[in-house]
Amino acid sequence: MSNKMDQNTRDLTVVLFGNSSAVHFGDENILLGQAPAGNADFSQTVPESRKISGHRVNVINILDLQENELYLDSVDQTIDRLFSENEIHSFIFVLQLGQLTDSDKGGIEWLQKLFGEAVLPFTMILFTYEREEDSDTIVDELKKNPRLEQLVEKCGDRYYTCSKSMNNQSEIKALLEKIDLMVSENSQPCYTAEMFNTASDFRKSLRYTQSQESANNSQEQLEEMNNTPHTQTAEKTKGKDTDKTDDTQQSNEETKKHLDQLFTKLHLKGHQKEKLKSGDVLQVTAQPLVWKESCTEKELVQTFLQRLLLMDYRARKITNKETASEADHVQSGSGDKSKKKSVSGFIKTKKTKLERAIHNNTVHPMDVQMAVFHCSDSFLKQLIVTKLSQCQYALPLLVPDPFTGEIEFPLWTFRQIRKSWKTSDPTGNTTSKTESICEAKTPMVAFFRFGSISKSKSKLINDLINERHSTFFHREYQSSSRNRLLMDGVVEIAWYCPAGKSTDHFTDCVAFCNLHGDAETHEKQLEILTEMSSVNVVVLGDQDEDILNKDMLQKLFDGQKPLIFILCEDDSDFSEETNMNYKIGLKDRNISNYLKRIIKEYTSKSSSTFCLNELGQIKELTKDENDEGCQKGKDTARQIMTLLERTELSELKESSLPHQGKLWREWCKKKKELHRLQGPNLEMQRSEIQAEMKNLREEQHKLGLSKLMDLFTHTLKTSDKNEKSYFLKWLGILLDNFTTDELSGFHSAHDKTWSKVLDLKGQADKSEDMKNANTQLSKKLSAAAFGIEHIFREMGQIYEACMAVQARKNDFSLPKLAAESMLSGHPLELMDGDTGHVPLDWVSAVLDELINKLGDQRVFVLSVLGIQSTGKSTMLNTMFGLQFAVSAGRCTKGAFMQLVKVSDEMKKELNLDYIFVVDTEGLRSLELTGISTRQLDNGLATFVVGLGNMTLINIFGENPAEMQDILQIVVQAFMRMKKVSLNPSCTFVHQNVDELTAADKNMQGRKCFLDMLDKMTTLAAEEEDFNAKCFSDVITFDVRSDVSYFAQLWEGSPPMAPPNPLYCENIQELKGKIISTISPNSGVTFSQFKQRLSSLWNALLDENFVFSFRNTLEIAVYRRLEHEYSKWTWSLRSAMLATENKLHNRVTNEDSIKIDEEDIAESIKETKTDVETSIKKFFDEDRDKDILIQWRERFQVKISELCSELVQGTKRKLDEVIQLKKARKEVDSKKRMYENKLFKLSKELAFNLKNRDTDEDALQKEFEDVWSTWVNELTSDTPQFADINIWSDVTQILSESYEQTFVTERQHQEIYKRIDALGNYSDYVILKNQEDPGQEDLQSRNECVEEEEDKNACASGHLNQGEKCAPAEESSSTTTVTGEDNNSLSVLIRDTAEDIKAQIRSKSIAEHGYSRNYIPEIISFVKDKVTKHESNTSNYTLRKEFTVDLCLSVCDFAADYFAEQHKEFKEAYDVRLYLERQKPQYFNIFKDYCSGATSTAVFGRVIVETLNPSIVQAAYDQTAIDLSDKMKCDVPAFSGNKSNQEKHILTTLAEEENFENYIEYIQKPKEYCSRFIKKKVGEYLYKENEKVLEIMKSNISSKVKRVMDAVNEATEEVKRNNGDANMWLQHLSRKLQDELQLQEKSCPEQSEVSDFDFLREIVIAGLTSSRSENNNRFQDISDLKWEMFRKKPEDILMEQLCRCCWAQCPFCNAICTNTLENHSGDHNVRFHRNPGINGWSFKFTDNLGIDFCTTFISSKVHFCANGKVLSFKDYRKAGGEYAKWNITPDNSEMPYWKWFVCRFQKDLENHYKKQFTKNGEIPNGWWDYTKEQAIESLKEL
């Protein structure tokens, strides 16, 4: 009970502040208890916990605290401790009614000062009263006291009253309820430690400001001029040196304290040691996906990083919500509004201390940037600096550590930055350059200041570089403030890159460095800059003598480098000295043009250059690249680069990456050919191509690992994660540097050549030469592209080659390395851009490794599609911070994929773990072939759209012609997705739209775009044969939300233009739209993505994509549906089995009973409802519900039909039981009469011997002596039933028509047992004419067949027709029957057997017994069937052997059936046999009476002996169901759909390698399946011996318990109603009527039974004993009596597993895989076989066919059937079974049947008396398949 109460207890933490005189402390005080001790130390204060009215209230008592000095250290520390450790639900201001003190009036202000503005929503006032009558005076108090009313208003009008003693339970309860209400109404449930820390920082900043002002009032003026607090200590002050030192020390300490507060405020405290990583910021988070002007301090870092990743240069314009709200509060609350002010007073008013504190509390944007920089690992730093560079921001060059002062040079962060610019010579020629900024050697201009200055140095530099963009952050910037902490001593650098135009400020690239802070205090930085600069610029303020006399300035002045002095407070004109020293007055003028001229002059002729790499050689600097992992990675990358030296770039791939060269391209070509076979002997073609492909793979494998790949893979395998990341980064950087120049040259030459082609367009000969030259250049350009993606591609080819030849297992670890690289942020190449081929094995293996590492995670696939060079990769990189290649002059080729992690907070909301972002090659790419082909574009578009859950369609601008081109391709791709039931979504992105018109696109522009889409839909529908009139017919599309317009990427003209912030906003909005459209069911798992990728690619390789993909996809979905269907049907069937058992017992026990179908249906109603619910859920919620919908109605109907069938079948069985019971009524009556007589005789005999002293043996002898006499006398008038010999009857009847020796001989040969599985029936046939009567007609018919087709004609084994026919004389000498004759005989045998089975099952043998007349009927029927068949053929007559063997075959089944049924009849009707079985029971009665037992005891024993066999039988019946259910789950072959079952059957056949079993399976699959099930059941029982026996014992115990319960109830019922033994028996029978089959026993003495408790005791003791005996009887599986199962487990499983379609392909005998019996629609099979397995051969020859059905369908080959010659393509025209099959062209194959043909070639040839020769020769490649490979291939089923 207490636990339950604890669970419902609500926790509240409340703070009480105010005046302690308003409270009476004491034990009765429910809230506060006893008063604190008089000398109690406030520092020891802790929350006190109390249980009050269902709440656990933690009370923090700070009453009277506002009276004390707030800033005492002990008080301050205690407050920090209490409120950083606790979340507060309510602050209660305690006031006494009528006694408002001055201290009380300031209580709320004191609270705000301590806890900030955020505390007010959690505050309420508690008025206490002395007397009860005072409690109602609060309203009057508020009316007469405005100050009190103001306090209440500040607390949101929340107040309450209670007594000072706080001892009233109801008052305190009401107070807590009011607190609960306040908490529920607040947007946040409590005042948090985070809120307190913000207020605390602000409070401490205020204290600092106050202490500074009190120490030196003049400091305020200096603060106005300085940029950072750190500078304050550097400024000159009056006084002694010791005072200076003290001030500096104090200032440094304060600065460190402020730094600590800054990192805490930005929530970066924990990241000063545990650095932020790229993965932390690149994941999809819940951070708002819309642009916001301001954010909370907690969000500052995340918002800055988010905007920076989006390349939004407004990342530095973020304002802080908290500071803004505090400032608003000060502005609104300061001053007395009632007091009138003058203009003069208003203007001269100084900032209050609080206003200055607020300003100083503002976080400077550059502090955010540098704090993040200091708290990031090297890779995130590199990403940040790269993004800063893209935003055209200055970059941190020299960075002092804020705590240690060490100067770091972050060279590593610059490594990925490349700058492009153009220089022009005096002649006007321009030269383009693209260089790594680390390698670039440029002039450098250094800027620094001495002392304080009134102008912004950074803004001055900006005016030189880009007047429109703040490259360097400056004090006049929108979000700037004076309290900058982390920029002092930082040197930033930016480069000016000219565009090769006359408007360029400088003719070459120039670096600008800016030293922040006073140069005097940063000597090291100043020394480095002046040493490496080309021009130095010094900015001075008031020209104080102390500053001008600095040695540093004098040194610069005397130096050899140009020096420019800028005087902020001087208005003098420009003046020049002869030694290159200049001075310019800045006051009231713009001097940027002067500066540009001077700097341009000296930088253009300066020999001094600046290079980042050279800066890294200065020893005094701490360099980030000195990291051990960085150095190792760099060294290894350089080793690889050394291997590439002295090799021409265009030849690098062939030498270093040979696997992806010519051999790989040839392999891809062969792969495509394999999917488009044509002509004769298709399987031989396939085998030859596969052999060539294998040879190519072997050739690839022989190449081995190049030195580059060996070093690369070794490094990835042996390096730790950090070193590996450095290595990959370094290698990418070095490769970019290595290839850039030469690639630029190739591009330039390519462009020039193409221009000449256009110029020579009219001159055919010259134009053609130029085109050839351009094509060669294109190939050279493709070969020269060499990046890290090509190395990973090489890894893929090494892996695929190794897999193909099954060698070098170590290389199988390569996918793991690629998966690890993916997880670290590198893209995976999905489609090889050079060959346009997907390395499926490689990609699948990498995805498998991802699954191994991460689990089968859910992903959302986002792909992009658009024309080449329209910014697709840039858009994705900007949106997600990815690394798709956009540099080094390379466009994306092929398709790449990158992982974007979803943050933990978003996983639940999106039901996703990752986003797969797929970047693709542009449409209309000229790179591969020199011309764009529509087919390639369609294929790429289909691939991209099919992969994605959403596809971004990227359109550059709004050119109607370009839009029309891409839109038709896109619409066609979506049509294909619609046809194959994939439903991706799409968003159209129009890039580079004019900003002014983009907003107007909402209506008119979108309407025009939709009209164009609809037009393209109409055109595409014609090509795709698709019924669609508008785009919304193809895909769900809303032009208002699914079209986005993007501003142009650059704000101005490159190379100095920053990214357009509107573009960044557009990106952010699109990202938000994408995330918002992700539904919980829209993703796929890794494994599903892998399957889709495979299906898409294989389908694209086929000519008919839609069919191929739909076929693959639908098969996979249909398999899952069949698996579910198997579960549904088993649920219904097992429920019906239980019902059948129950009703079977009932009809057996009751004399007159009628079971209606409604009763049976009602018993499984609940199960049926559950199944229907499951069906609905599956079809409604499955991820492939759009595909499943086509089968929904069919399967629902099938389930309904199954229910009806089960009900009707059970009703039929029960009716048969009732009928049998009626038929046996007379004999059952006789049995009871005889039993009564035997009972009396036994009793009389016992009384006669009662007084004799005899042992049990003597009694046994006495009983034996009389028993036979009794039985003979009683049954003298009953019929006797002799044993039957059915085979004797069969032999005798057949001998009447044939010689007996002949019949006996045929029996002994046992050929009849496999007559239905023979491959050739020529031994049974006498041909009437050796000449083929159809030859002449056939030849004349062939004249109508085209000669080319006729040469390749293949025929069925039924008629053997083909163009490569054997000569007439050869065909005339054949002695075998035709294939069609063989088939007709096979049909005759099968039909005859089925008819006979139906006949004999209709005989009522169990009711009337076996009759010898049945055999003549059967034999006569067979003879008639044979005679009729012979009359319908003119080709042959049948030998007598055929008729006899057929008769023996059908009689074989009949004999077993008759024997089983006759046994049942004999057991039911042979009274003598029945009485003999009762002998032990009557001996026990006799023995009991001899021992003096009472009638009750004897009656009890009779009951037990009657119940015991029924209990065992019931246990057997239940065990059959339980075992079936368990095997259905435990045996893999029994779980799943029909394909799964076939897989296990074929696996077993392969393992056994028994040809006869194969033939039985091929010819009689259903019979073999039944035998397979029986065998598997036997194996399971043997293997799971103990489990099976435990089930049996458990069921026995369960049945015994139910009987015991019934015995107890019957006894109590009889005792309650004073009943007799008859009543007891009736009640017992009624309770057990559904549980057991109760055999009615006669006991004449039951009328003498009166002691029912004793009877109960006897029966229960007997049942207990029999239970033990029965359980002990089952010690081994052999103890189970199989005949005792009324329905055997294998029969139950057969009913479930064999109730499916068993139709066989008329060509190859493959079995329809449909789980539904009598299903609608065509028969289908996933993999066909070669028809030669079924005996098909070439016409007029004995050459068995070798091609597969699916191969024939796409060929020009013909076949013969039913007297017709037909093309395989028109196979349905053959009618009959041919018309019911859907056989489609399919290049997929299963090695299993190829292995089978090779393994059993001789057996097949002997079986069919034909050979695999000539046209049917087995391809060499087939012999390479092993049994293990064959079995492995079955996984495809």
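Here the structure is shown first, and the text comes after it.
Residues numbered from 1 in each chain as written. Predicted model: local features only at pLDDT ≥ 70, side-chain atom pairs only at ≥ 80, totals over all residues. Heavy atoms only, no water.

1. Let's talk about the side chain of T878
Here comes step 1: Counting through the fold element by element, T878 comes out in helix α35 (residues 872-880).
Here comes step 2: Among the residues examined, T878 registers a relative accessible area of 2% and is labelled buried.
Here comes step 3: Other than its neighbours up to four places away in sequence, T878 contacts L309, L310, M311, Y1063 and I1067. (Helix = DSSP H or I, 4+ residues; strand = E, 2+ residues; numbered from the N terminus. Buried < 20%, exposed > 50% of the residue type's maximum accessible area, 1.4 Å probe, protein only. Contact = heavy atoms within 4.5 Å.)

2. Looking at the nonpolar core
Here comes step 1: Among the nonpolar cores identified, the biggest contains 142 residues, and L397 and F512 are the most heavily contacted of them.
Here comes step 2: Excluding its chain neighbours within four sequence positions, the residues that come into contact with F512 are V445, F447, I461, L464, I465, F472, E492, I493, A494, Y496, F506 and I599. (Core = buried A, V, L, I, M, F, W, Y, C linked by side-chain atoms within 4.5 Å.)

3. Here's the deal with empty space enclosed by the protein
Empty space among the atoms becomes visible once a probe the size of a water molecule is rolled across them.
Here comes step 1: If you walk through the whole model with that rule in mind, you get 13 cavities of 30 Å³ or more.
Here comes step 2: Residue lining of the second largest cavity: 19 residues in total, with V281, Q283, Q306, L309 and K1071 positioned closest to the centre.
Here comes step 3: Put simply, the parts of the chain that give the lining of the second largest cavity at least two residues each are α12 (278-282), α13 (297-309), α35 and α41 (1061-1077).
Here comes step 4: The element best represented in the lining of the second largest cavity is α13, accounting for four residues.
Here comes step 5: Here the lining of the second largest cavity is built from residues that sort into ten nonpolar, eight polar and one charged. (1 Å grid on protein atoms, 1.4 Å probe; cavity = no way out; pocket = protein on both sides within 12 Å on 5 of 7 lines; lining within 4 Å. Points joined across faces, edges and corners; volume = space filled by probe spheres on them. Nonpolar A, V, L, I, M, F, W, Y, C, P; charged D, E, K, R; others polar.)

4. Looking at the state of the cysteines
Here comes step 1: Tallying each qualifying case throughout the model produces zero disulfides.
Here comes step 2: Of all cysteine sulfurs, the one in C1064 lies closest to C391, which takes part in no disulfide; the gap is 6.7 Å. (Disulfide = S-S within 2.5 Å.)

5. A few points about the packing of aromatic side chains
Here comes step 1: Per the counting criterion, the structure on display carries 65 aromatic pairs.
Here comes step 2: The interplanar angle of 85° and the centroid separation of 5.0 Å between the aromatic rings of Y1516 and F1685 together place this pair among those described as edge-to-face. Note that Y1516 is positioned in helix α60 (residues 1495-1530) and F1685 in the loop between α66 (1652-1673) and α67 (1689-1697), a separation of 169 residues in sequence.
Here comes step 3: Every member of this aromatic cluster is reached through a ring pair, and the members are F1555, Y1558, Y1792, W1793, W1795, F1796 and F1800. (Phe/Tyr/Trp six-rings, centres within 6.5 Å; stacked < 30°, edge-to-face > 60°.)

6. As for unusual backbone geometry
Here comes step 1: A cis amide bond links P1054 to the next residue, P1055, at an omega of 10°.
Here comes step 2: With respect to the element layout, P1055 can be found in the loop between β27 (1043-1047) and α41.
Here comes step 3: If you check the backbone angles, N1709 has positive phi at about 70° while not being a glycine.
Here comes step 4: One can find N1709 in the loop between α67 and α68 (1749-1753).

7. Notes on the pattern of salt bridges
Here comes step 1: Following the criterion strictly, the structure yields 78 salt bridges and no others.
Here comes step 2: Residue K524 is joined to E620 by a salt bridge in which the shortest nitrogen-to-oxygen separation is 3.7 Å. In this pair, K524 is assigned in helix α20 (residues 523-532) and E620 in the loop between α24 (612-615) and β20 (622-623), connecting sequence segments 96 residues apart.
Here comes step 3: We classify E620 as exposed; its relative accessible area is 54%. (Salt bridge = Lys/Arg side-chain N within 4 Å of Asp/Glu carboxyl O.)

8. A look at the packing of helix α48 (residues 1256-1274) against helix α59 (residues 1479-1490)
Here comes step 1: Here α48 crosses α59 at 125°, and the two axes come no closer than 11 Å. Classed by the angle they form, the pair α48 and α59 counts as oblique. In this structure, the crossing between α48 and α59 has a hand that is right-handed. Counted together, E1256, L1259, Q1260, F1263, E1264 and W1267 of α48 and K1479, Y1482, F1483, F1486, K1487 and C1490 of α59 form the full contact between these two elements.
Here comes step 2: Residues of the contact of α48 with α59, tallied by class, amount to seven nonpolar, one polar and four charged. (Axes fitted to C-alpha atoms, helices over the stretch in contact; angles between N-to-C directions. Parallel < 35°, antiparallel > 145°, perpendicular 65-115°, else oblique. Left-handed = near helix turned anticlockwise from the far one by under 90°.)

Take it as geometry only, folks, not as evidence of what the structure does.
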